[in-house]
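# Examination of the molecular architecture
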Amino acid sequence: MSDFSRDDSEGAAPQGHKTLSTAMLLAVFLGPFGAHRFYMGRRGSATMMLMLAVTLVGLLVTALWLLIDLPRLPAMVRRHNAALARRQSLERRSASHGFPALS
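Criteria and cut-off values
- Residues numbered from 1 in each chain as written.
- Predicted model: local features only at pLDDT ≥ 70, side-chain atom pairs only at ≥ 80, totals over all residues.
- Heavy atoms only, no water.
- Axes fitted to C-alpha atoms, helices over the stretch in contact; angles between N-to-C directions.
- Helix = DSSP H or I, 4+ residues; strand = E, 2+ residues; numbered from the N terminus.
- Parallel < 35°, antiparallel > 145°, perpendicular 65-115°, else oblique.
- Contact = heavy atoms within 4.5 Å.
- Nonpolar A, V, L, I, M, F, W, Y, C, P; charged D, E, K, R; others polar.
- Salt bridge = Lys/Arg side-chain N within 4 Å of Asp/Glu carboxyl O.
- Buried < 20%, exposed > 50% of the residue type's maximum accessible area, 1.4 Å probe, protein only.

## Some words on the packing of helix 3 (residues 43-52) against helix 4 (residues 56-96)
- Direction vectors running N to C along helix 3 and helix 4 enclose 140°, while the axes themselves pass 8 Å from each other. If you check the angle between helix 3 and helix 4, you find them oblique. Contact residues: Ser-45, Met-48, Met-49 and Leu-52 in helix 3; Gly-58, Leu-59, Val-61, Thr-62 and Trp-65 in helix 4.
- Residues that form the contact of helix 3 with helix 4 fall into these classes: 6 nonpolar, 3 polar and no charged.

## Examining the pattern of salt bridges
- Applying the stated criterion to the full structure yields 3 salt bridges.
- In this structure, Arg-72 engages Asp-69 in a salt bridge whose closest nitrogen and oxygen atoms are separated by 3.5 Å. Linking Arg-72 with Asp-69, this pair stays in helix 4, spanning 3 residues, or about one helical turn.
- What makes Asp-69 buried here is its relative accessible area of 1%.

Here it is, written out as structure tokens:
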């Protein structure tokens, strides 16, 4: 078997896996605009942050929102990755029993 045809699931991060470092960098540099929430897949609250950040008062509100989000970000990343792992495990089990994929 060549290197190209082997399964890359060993050692590689699964698709959709989020890293804390990327989320933190987005939060620090583009946080008031909701970039870290877009990255985490929380489009509703990210869109709200983006719309609020257009005004000066809204920018202050989103800056406060960011201060609340920063300590919560590690838990958000852990929760997202745990849910992703559960879903992938369920898909592997259902595929091994002959059921169609969930997606």
